[in-house]
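Observations on the three-dimensional arrangement
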Amino acid sequence: MKQMKMKAGGNPNELSLSVNVEETYEPRINVFNGIMDVLEDDIHSLVGLHGIGGIGKSTLLKKIASKAKEDKLFDAVVSVVVTQTPEIKNIQDQIAEQLDFEFALRSRERREDQLLRKLKGIKNILVILDDIRMKMDLGTVGIPYGQHHKGCKILLASRSLNVLSEMNTQKIFRVGLLDQEAAWDMFKKIGGVGPDLQSTAIKVANACQGLPIAISMIARALKDKSSLQWRDALRKLKRPSEEKTDQLDRVVHSALKLSYDHLRNEELKVTFALCYVLGHNADIEDLWKYGMALGLFNGTETIAEARDRALALVSELKKSSLLLDSCSDKFFDVHDVVRDFALSIATENHFLSVLKDEAVLDYGSDGRKIQHGNVIILQNASVDQLPSNLNCPQLKIFYISCKNPSLNIPEGFFCEMHELRVLYLSHVTSTSLPSSICALENLHTLCLHECLFRDTAIIGKLLKLEILSFSGSDIVELPKEIGSLMRLRLLNLNNCSKLKYIGPGILSRLSRLEELYMINSFHSWGVEGNTTNASLAELKELSYLTSLDIEIRDPRMMPKDLFSGRLLRYKIFIGYVGDRSQNYEISKTVKLEVEIHHLLDVGLKELINKTEELYLQGQASNENLQCIFEGQSFQHLKTFHLYSCWGVEYIFNPMDWNVAFPVLESLSIC
C-alpha cells in the first residue's frame, strides 16, 4: 500500500489537527511518519507512543487514525480511551460500537471470546488504545495480535515508559516538548498576537515551556484581551501553584486555571464541572439531561432549547481548549490532564463533589453520614449487594452500572436521598424497584438502561419526574401508572424489544410530553377505541411533541394527519423496512415501503420534504415513486437509500440532479 507523507516545512494544512500548529514541527512529523511506516510493515504488531500528559499524544493518534482510514491501510480502525483505571467492559463496548457489533447478551460465550472472534474475522485492523496508565492484559479484553492475528496492529499511548515496556511493546516512539521557536509560532497563530503585545506574548509563550496543551489554552484564553490582562497572566504563570512539585505540572495547572478563570460566566464553569462527571467521549444528550436536573440552563423552557444551550456551551468550552472534539459534534471528550484539574475545581468550589470508589457504599451504610458527596458514579461496579440504607442527604446524582446483573437493592436503600435529582441504573436485574424510591420526591431524571424489572408501577409515584428512559430494558408492559406523570417531558422506550402492551390512554395522558422514542420497541398499535393496546391516534393529543422516533409496521393503523409540522427531530419507520438501524448524526429520518405511497398525507409528505435521510424499500414503479416525490424539493436530503426497488428505471432527469438534491452526500441503490 502507498501513502502520502508530509515533509518538514511543507504545507501545514496537510497535517492539521485540533491545535493546528505543533504537528508541523519537524520532530513531530518524524514521529508521525515513523508510526505510519511501522503500521505498514510485517514485523511490528504492538507499537507504543510515549510522552508526558498534555504533550499532544491524543492529537497525534487522531491524525494517525484519520490517515490510516484515508489511505485504506486497514479494513477497520478503532480508537479507545482507556482511562486511569481500565474498565474492560467499557473498552469492549467502545470497540464493538465502532464496528457496529452487538454482544449476544444471553450467549454462553464470554464477551471477550465474542469480541476476539469478531476481530479475527477482520483481515486487517488497527486498534488504538490511548491513555494507558497501568499494564493491562489485552487477552482479557478480547484483542488478538501477533501469532493469534497477524493482521491486527495495536498502537498504545501512555505517559509511562514502564507500562509500554511491561506490555512488551516492540517499538516505542516519543513525543517531546516544542522548542521556543515552534512554541512561539504555535502561540501566535492561535492567539492572533498584535505587534503591540508581542514582547509580553513571547514571554507568556516561553512560560508555557513547550507544552502544547498549555500553549493552546493560554493563547485562546488571552485572545483579544487587553495588555493589562496579558501582564496579569504572565505574573500568574511566573508564580505557578505551589501544590505541584513537578515544574511542568505547575505550568499545566496554571494554564488550566487561567483558561478556567477567563470563562465568561458561572454557567460555563458549572457545565465544565459536569462534563468532568460524564467523562470520556460523553454524549450531549446526557449533558443536557443532567444539567436540566441540576437546574442549569436558566431561561430555557423546552428540551430543544436545553439541548441547544448544551451544544452552545460545549462549543465554547472546546474553543477554550477545556474540552476536546470527539467522534462527532454530538459528543465531546475531556483530556486526562484537564480531567484531573476539573476534579479539583469542582470540589474546591462545591459545584459537584464526586465519589467514584465502591468503598463509599460501606462508609454511608454504617451510620456515618456522607457530608459532602453529591455525586456517586460507580462504573462497572463489582458489588452484588447495596447497603440497606445509604446516608447521603446531599446526593444529587447516583449512577451505577453493574458487572453482576443480580444486584440486590434493599427496600430502604433510597430513604435518605431526598435531594436526588438523577438516578441511573444500568444492567440491573430485579423483581421490582425498592419501595424507598418513593422517597425521591425531587427526582427529575430516571434512567433504567438494559435492566430487567418485572414491576415498574411504583415509578408512577414520582410526580416530579420529567425524564424517563427504559432504553434497552426487558419490560413487557408499560404500567398504567406512568400515565400519572403529568410533568413528564421525555419518554425513551428505544430497544425495548419485548414491550408488547401499552394500555389505552397512557400516552395521551402525558400531556406535557415533548420527546418520545420507540424504535426497535413497541409496534403492536391498536385501533382507536380498542381496549387492549394504545392507538396511534393518542399521539395526536400530545400538543407539545417536537421529537418522535416510531415504528409503524402496519400502515393501516395510521390515523389521518398523524404527523405534525411541529416535529423538529424524527425517525419515522413505516412498513416492514428491513434496516431499522439508526444514524445518530442525523436528526430527521424517514424509512418506508414504497407500496404505501397511497397512504401518504400532507403531514407525512412534509416530513419527507424536510428529511435528511430517506430510505425507500419494496417493489416500486416509476409511477408510485413519483407519488412520493411529487411536490418535494429535498433541499435537506443528505442520504438517500433505494432498496429492492427493482421496477424503478429512473428517479430524476440527470440534468435536474443538483437542483433536486443540492446537499446530497450519499446515494445507495441495492
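Our subject is the structure listed above.
Attention here is on the structure that accompanies the text. Computed from a predicted model, the values in this text were never measured in an experiment. (Residues numbered from 1 in each chain as written. Predicted model: local features only at pLDDT ≥ 70, side-chain atom pairs only at ≥ 80, totals over all residues. Heavy atoms only, no water.)

**Details of the overall build of the protein**
For the protein, the helix and strand inventory stands at 19 helices and 26 strands. Within the protein, buried positions represent 55% of all 670 residues. If you take every contact in the protein between residues at least 6 apart in sequence, the share linking residues at least 24 apart comes to 59%. For the protein, the exposed surface amounts to about 29,800 Å²; the carbon and sulfur share of it is 47%. (Helix = DSSP H or I, 4+ residues; strand = E, 2+ residues; numbered from the N terminus. Buried < 20%, exposed > 50% of the residue type's maximum accessible area, 1.4 Å probe, protein only. Contact = heavy atoms within 4.5 Å. Areas by Shrake-Rupley, 256 points an atom, 1.4 Å probe, with all protein chains shown as cover.)

**What about the pattern of salt bridges?**
Two side chains bearing opposite charge may form a pair once their charged atoms approach each other closely. According to the stated counting rule, one finds 25 salt bridges in the structure shown. R309 serves as the salt-bridge partner of E267, at 2.7 Å between the closest nitrogen and oxygen. Of this pair, E267 sits in helix α12 (residues 266-278) while R309 sits in helix α14 (residues 303-319), placing them 42 residues apart in sequence. According to the relative accessible area criterion, R309 is partly exposed, its value standing at 24%. Taken together, the shared-partner salt bridges in this structure form one network comprising K67, E70 and D71. (Salt bridge = Lys/Arg side-chain N within 4 Å of Asp/Glu carboxyl O.)

**Let's talk about the nonpolar core**
Core analysis: the biggest nonpolar cluster contains 102 residues, and L49, F187, I218, W288 and F332 have the highest contact counts within it. Ranked by residues supplied to this core, first place goes to α12 with nine residues. For I218, the contacting residues outside a window of four places in its chain are F187, V204, C208, L237, A255 and L258. Counting 84 residues, the second largest nonpolar core, distinct from the first, contains L386, I506, L637 and A660. (Core = buried A, V, L, I, M, F, W, Y, C linked by side-chain atoms within 4.5 Å.)

**Focus: the sheet that holds strand β6 (residues 282-283)**
Taken together, three strands build an open sheet; the order of strands is β6-β8-β7 and the sheet is antiparallel. What marks the edges here is a single partner per strand, and that holds for β6 and β7 (324-325). With two bridges connecting them, β7 and strand β8 (residues 331-333) associate as antiparallel partners. For D325, the partnering residue across the bridge sits in β8 and is F332. (Pairing = 2+ DSSP bridges.)

**Digging into the sheet that holds strand β1 (residues 46-50)**
The five strands are arranged β2-β3-β4-β1-β5 in an open sheet whose pairing can be described as parallel. Because the sheet does not close on itself, it has two edges, and the strands there are β2 (76-81) and β5 (171-174). Within the sheet, the average angular offset between the axes of one strand and its neighbour, ignoring direction, is 15°. Across five bridges, the pairing between β1 and strand β4 (residues 152-158) is parallel. Bridge assignment links G48 to a residue of β4, and that residue is L156. (Axes fitted to C-alpha atoms, helices over the stretch in contact; angles between N-to-C directions.)

**Side note on the packing of aromatic side chains**
Scanning the model with the defined rule gives 13 aromatic pairs in all. An angle of 50° between the planes, with centres 5.9 Å apart, marks the rings of Y260 and F272 as tilted. With a gap of twelve residues between them, Y260 in helix α11 (residues 247-261) and F272 in helix α12 connect regions that are remote in the sequence. Judged on exposure class, the residue Y260 and its partner F272 are both buried. An angle of 85° between the planes, with centres 4.9 Å apart, marks the rings of F522 and W525 as edge-to-face. (Phe/Tyr/Trp six-rings, centres within 6.5 Å; stacked < 30°, edge-to-face > 60°.)

**Digging into helix α17 (residues 602-610)**
When we look at burial in α17, the residues that qualify are G603, L604, L607 and I608. Along the axis of α17, the buried residues cluster in a sector spanning 140°; they form a single face. (Arc of directions from axis to C-beta.)

**Here's the deal with the packing of helix α8 (residues 198-207) against helix α10 (residues 227-238)**
The contact between α8 and α10 brings their axes to 10 Å, and the two run at 30°. Judged by the inter-axis angle, α8 sits roughly parallel to α10. The interaxial crossing formed by α8 with α10 has left-handed handedness. Of the residues in α10, those touching α8 at T200, A201, K203, V204 and A207 are W230, R231, L234 and L237. (Parallel < 35°, antiparallel > 145°, perpendicular 65-115°, else oblique. Left-handed = near helix turned anticlockwise from the far one by under 90°.)

**Structural notes on the environment of P555**
With respect to the element layout, P555 can be found in the loop between β21 (547-552) and β22 (569-574). By relative accessible area, P555 is classed as buried at 12%. Between the alpha carbons of P555 and Y576 there is a distance of 9.5 Å; along the sequence they are 21 residues apart.

**Some remarks on unusual backbone geometry**
Of note in the backbone geometry, N168 takes a positive phi value of approximately 60° without being a glycine. Structurally, the position occupied by N168 is in the loop between α6 (161-166) and β5. The backbone phi angle of N495 is positive, close to 60°, even though this residue is not glycine. Take N495: it is sitting in the loop between β18 (490-492) and β19 (501-502). Residue N495 is classed as partly exposed on the basis of its relative accessible area of 32%.

**Let's talk about empty space enclosed by the protein**
This structure, assessed with the given rule, holds two cavities of 30 Å³ or more. In terms of residue class, the lining of the largest cavity is made up of two nonpolar, five polar and two charged. Of the volumes computed, that of the second largest cavity is approximately 30 Å³. Every residue lining the second largest cavity is listed: K57, S58, D130, D131, R159 and D336. (1 Å grid on protein atoms, 1.4 Å probe; cavity = no way out; pocket = protein on both sides within 12 Å on 5 of 7 lines; lining within 4 Å. Points joined across faces, edges and corners; volume = space filled by probe spheres on them. Nonpolar A, V, L, I, M, F, W, Y, C, P; charged D, E, K, R; others polar.)

**As for the packing of helix α13 (residues 284-293) against α14**
Interhelical geometry of α13 versus α14 gives an angle of 115° and a closest axis separation of 9 Å. If you check the angle between α13 and α14, you find them roughly perpendicular. In this structure, the crossing between α13 and α14 has a hand that is right-handed. In this structure, α13 uses I284, E285, L287, W288 and M292 to contact α14, whose residues at the interface are I303, A306, R307, A310, L311 and V314. Here the contact of α13 with α14 is composed, by residue class, of nine nonpolar, no polar and two charged.

**Observations regarding the pairing of strand β10 (residues 375-381)**
The element β10 is largely enclosed, with a buried count of six among its seven residues. As paired strands, strand β9 (residues 354-355) and β10 are joined by two bridges and run parallel to one another. Bridge pairing links V354 to V375 in β10. As paired strands, β10 and strand β11 (residues 397-402) are joined by five bridges and run parallel to one another. The residue bridging A381 from the neighbouring strand is C402, located in β11.

**Some points on the environment of E40**
Inspection of the secondary structure assignment puts E40 in helix α1 (residues 26-40). Distance from E40 to A68, taken between C-alpha atoms, is 9.8 Å for residues 28 residues apart in sequence.

**Structural notes on α8**
Along α8, the positions that sit buried rather than exposed are T200, A201, V204, A205 and A207. One side of α8 holds all its buried residues, which, seen down the axis, span an arc of 155°.

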